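Here are the chains, one letter per residue:
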Amino acid sequence: PVQEEAVEAVPEVQTAAVPKVTMVANAATLKVGEVFNVLRYVQSATDVDGTSLSRYIHAEGAYDMNQPGTYSIRVYATSPSGTVSNIETFTLTVEP
């Protein structure tokens, strides 16, 4: 005899729309003493309605341009209503 199983439909997971940060590059290698600004590597930051969030870009992570090493910096934007965008990880390598 064939045994039948009741299968429940799994509801689709709806992902809420969030602001979007797009990077030009996710890594850079610079020499000790050079000037670094992560914003140079951000292509755009836009809210769900297309409004620019360039004034609301955040970068988190410590780095030292006088100390060789590899550093990770988290880049994201926050909308005026407090919604956080995707988080991009930027890798900064400082060489002697």
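Criteria and thresholds
- Residues numbered from 1 in each chain as written.
- Predicted model: local features only at pLDDT ≥ 70, side-chain atom pairs only at ≥ 80, totals over all residues.
- Heavy atoms only, no water.
- Helix = DSSP H or I, 4+ residues; strand = E, 2+ residues; numbered from the N terminus.
- Buried < 20%, exposed > 50% of the residue type's maximum accessible area, 1.4 Å probe, protein only.
- Areas by Shrake-Rupley, 256 points an atom, 1.4 Å probe, with all protein chains shown as cover.
- Salt bridge = Lys/Arg side-chain N within 4 Å of Asp/Glu carboxyl O.
- Core = buried A, V, L, I, M, F, W, Y, C linked by side-chain atoms within 4.5 Å.
- Contact = heavy atoms within 4.5 Å.
- Polar contact = N/O pair within 3.5 Å; in protein donor to acceptor, adjacent residues only side chain to side chain.
- Pairing = 2+ DSSP bridges.

Caption draft 1: Just the overall build of the chain, in detail. Counting its regular elements, the chain contains zero helices and six strands. Shown N-terminal to C-terminal, the secondary structure of the chain runs as helices and strands in the order β-β-β-β-β-β. The 96 residues of the chain split such that 28% are buried. Counting every atom, the chain has about 6800 Å² of accessible surface; 51% of that belongs to carbon and sulfur.

Caption draft 2: Main features of the pattern of salt bridges. All told, the structure shown has two salt bridges when counted by the stated rule. Glu-95 serves as the salt-bridge partner of Lys-31, at 3.5 Å between the closest nitrogen and oxygen. You can see Lys-31 sitting in strand β2 (residues 27–31) and its partner Glu-95 sitting in strand β6 (residues 88–95), a full 64 residues away along the chain. Residue classification places Lys-31 among the partly exposed residues on the basis of a relative accessible area of 42%. Residue Glu-95 is classed as partly exposed on the basis of its relative accessible area of 33%. Here Arg-74 makes a salt bridge to Glu-60, at a shortest N to O gap of 3.5 Å.

Caption draft 3: Region of interest: the nonpolar core. One finds Val-21, Met-23, Phe-36, Val-75, Phe-90 and Leu-92 to be the most contacted residues of the largest nonpolar core, which totals 19 residues. Going through the elements one at a time, β1 (20–23), β2, β3 (42–46), β5 (69–77) and β6 are the ones with two or more residues in this core. In terms of residue count, the dominant contributor to this core is β5 (four residues). Not counting residues up to four positions away in its chain, the partners in contact with Leu-92 are Ala-28, Leu-30, Phe-36, Tyr-63, Met-65, Gly-69, Thr-70, Tyr-71 and Ile-73.

Caption draft 4: Region of interest: the side chain of Thr-78. Residue position: Thr-78 is located in the loop between β5 and β6. Assessed through its relative accessible area of 18%, Thr-78 is described here as buried. In terms of polar contacts, Thr-78 uses its side chain to reach the side chain of His-58, at 3.2 Å. Those residues in contact with Thr-78, other than ones at most four positions away along the chain, are Leu-53, Tyr-56, His-58, Thr-83 and Val-84.

Caption draft 5: Region of the structure containing the pairing of β5. Bridge count for strand β4 (residues 57–60) against β5 is four bridges, and the pairing is antiparallel. Its bridge partner being in β5, Glu-60 is matched across the sheet by Arg-74. Strand direction decides the pairing type here: β5 and β6, joined by seven bridges, are antiparallel. Bridging across to β6, Tyr-71 finds its partner in Leu-92.

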